Amino acid sequence: MKSKTPKVLHEVCGRSLVGHVVAAARELGPEQLVVVVGHAREQVEGHLSAAYEGVRTAYQAEQNGTGHAVRIGLQELGGTPDGTVVVVCGDTPLLTGETLRALAAAHAADGNAVTVLTAEVPDSTGYGRIVRDGAGGAVRAIVEHKDATEAQRAIREINSGVFAFDGQLLADALGKVRTDNSQGEEYLTDVLGILREAGHRVGASVAVDHREILGINNRVQLAEARRLLNERLLERAMLAGVTVVDPASVFVDVTVTFEPDAVVHPGTQLLGSTHLAEGAEVGPNSRLRDTQVGAGARVDNTVADGAVVGEAATVGPYAYLRPGTRLGVRSKAGTYVEMKNATIGEGTKVPHLSYVGDATIGEHTNIGAASVFVNYDGVRKHHTTIGSHCRTGSDNMFVAPVTVGDGVYTAAGSVITKDVPAGALAVARGQQRNIEGWVARKRPGSAAAQAADAALTTPGSAGNES
């Protein structure tokens, strides 16, 4: 991966590679779930403990092969577990719980000692081939590409590296795995031969979609997995009643949820725990993370993080909703509006060119253009409260902490530093003073001076009206 980040912690659609595998494995309802960690142990264990409660880890101090890794994992479980042990790889984010359930079911139904998850691929070059018995279809061997005959290389069924084992037979066979190979490692695939030679049956379960078994070893494969998973997620959403106008330009995380009749326009990213309610419309060109969009709301060309957009509210274009923003029903955060830690009441509008930070605004209030809620004194953040049914003028500064009562009007250009009682008009600006002739005296010969002179000497022109 050429990265400081351990491979299994690289993300695809809002979840780490190992996180996707853990999520799929949990769909089996396992009694125990153990992740074997080695490289970058502290980072991986920290990630798992923070994000996945109940997942145990086993430390493989020396990476001596896949068989050795499984042996370390079994030691964490007490050495010889009863029942079925499912082994999966930590870098297969497309693997589904449905496929793992089919593997476990086939394993139990056929009474196998081990069942291999296999896949039919268009091009099997480089993969271990599944060689079956001619009659019963049991797996006779897994032959690596370099060791395969021409006839075996024509086989398109390959080993995925995912297995279901009888726990007791697995533990016993792992003790017989040798390291007399070119890598000097314990290979898990050797267990299949050991069990077969002991008279046990080795079976296979074929994945419906061969792409599920794709492992990630570089950033090209990471991007391909992201594309495939994104397509899967969008298809699921569309089949559930969501309109995605251009799936090729929309990206979603696995944790995003939708209700029917939501609409997603091109160029949109929906991340984290974002939820679109019925009839909500988002995009184009919007990025929402951990944001709730209410029924019938419209979010256009917007960046939102940790916000709540109420029913039938409108946002954008070119708005920025930061964490803690809560927009009420039929409220508005308009063009070039930024909000942070702000609660906006029902029907209240902040139409354009304003910053609202650390504030509470009541219902059906209108905030004039180019208003700024001055919340930071250089040391602490302070709160502004504006009541309901207020009409604040353009270019207002609300210097927190300050409270503006219900039904208040404020004059354009005012700097509000004191509380305003309900029903008052607040005017906080200097008196205008016109200094006539200033341009002619201070900027003689300039274009402005010439325009002013022409206006003053031409009857009926601006500036020379009687």
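Structure shown above.
None of the values given here were measured: they were computed from a predicted structure.

Chemist: Where do I start with a nonpolar patch on the surface in this structure?
Modeler: Where nonpolar side chains cluster on the molecular surface, the patch consists of Tyr 318, Tyr 336 and Leu 353 and spans about 360 Å² of accessible area. Note on placement: Tyr 318 falls in the loop between β23 (314-315) and β24 (319-321). Accessibility expressed as a relative area gives 46% for Tyr 318, which makes it partly exposed.

Chemist: Can you walk me through the pattern of salt bridges in this structure?
Modeler: When charged atoms on two side chains of opposite charge get close, those side chains can pair. One pass over the structure, following the stated rule, counts 17 salt bridges. Note that Arg 71 and Glu 186 form a salt bridge whose closest N and O atoms lie 2.6 Å from each other. In this pair, Arg 71 sits in helix α3 (residues 66-76) while Glu 186 sits in the loop between α6 (167-174) and α7 (190-197), placing the two residues 115 residues apart along the sequence. Note on Arg 71: relative accessible area 27%, which makes it partly exposed. Under the relative-accessibility criterion, Glu 186 is labelled buried at 11%. Between Lys 340 and Asp 358 there is a salt bridge whose closest N-O contact spans 2.5 Å. Separated by 18 residues along the polypeptide, Lys 340 in strand β26 (residues 332-344) and Asp 358 in strand β27 (residues 349-361) bring together distant segments of the chain. One salt-bridge network, held together by shared partners, links Asp 133, Arg 140 and Arg 196.

Chemist: What should I look at first to understand the packing of aromatic side chains in this one?
Modeler: What characterises a pair of aromatic rings is the spacing of the ring centres plus the angle enclosed by the ring planes. This structure, assessed with the given rule, holds 3 aromatic pairs. Considering the side-chain rings of Phe 163 and Phe 165, the 5.6 Å spacing of their centres and the 35° angle between planes classify their relative orientation as tilted. No difference in accessibility class separates Phe 163 from Phe 165, as the two residues are buried. Judged by centre distance (5.4 Å) and plane angle (20°), the ring pair of Tyr 318 and Tyr 336 falls under stacked. One end of the pair, Tyr 318, is in the loop between β23 and β24; the other, Tyr 336, is in strand β26, with 18 residues separating them in the sequence. In this arrangement the basic side chain of Arg 41 is found over the ring face of Tyr 59, its NZ or CZ atom lying 4.0 Å from the centre. The ring centre of Tyr 376 lies 5.5 Å from the NZ or CZ of Lys 381, which sits over that ring.

How each quantity is defined
Residues numbered from 1 in each chain as written. Predicted model: local features only at pLDDT ≥ 70, side-chain atom pairs only at ≥ 80, totals over all residues. Heavy atoms only, no water. Patch = residues over 30% accessible without salt bridge, like charges linked within 9 Å, V, L, I, M, F, W, Y side chains within 5 Å. Areas by Shrake-Rupley, 256 points an atom, 1.4 Å probe, with all protein chains shown as cover. Salt bridge = Lys/Arg side-chain N within 4 Å of Asp/Glu carboxyl O. Helix = DSSP H or I, 4+ residues; strand = E, 2+ residues; numbered from the N terminus. Buried < 20%, exposed > 50% of the residue type's maximum accessible area, 1.4 Å probe, protein only. Phe/Tyr/Trp six-rings, centres within 6.5 Å; stacked < 30°, edge-to-face > 60°. Lys NZ or Arg CZ within 6 Å of the ring centre and 35° of its normal.

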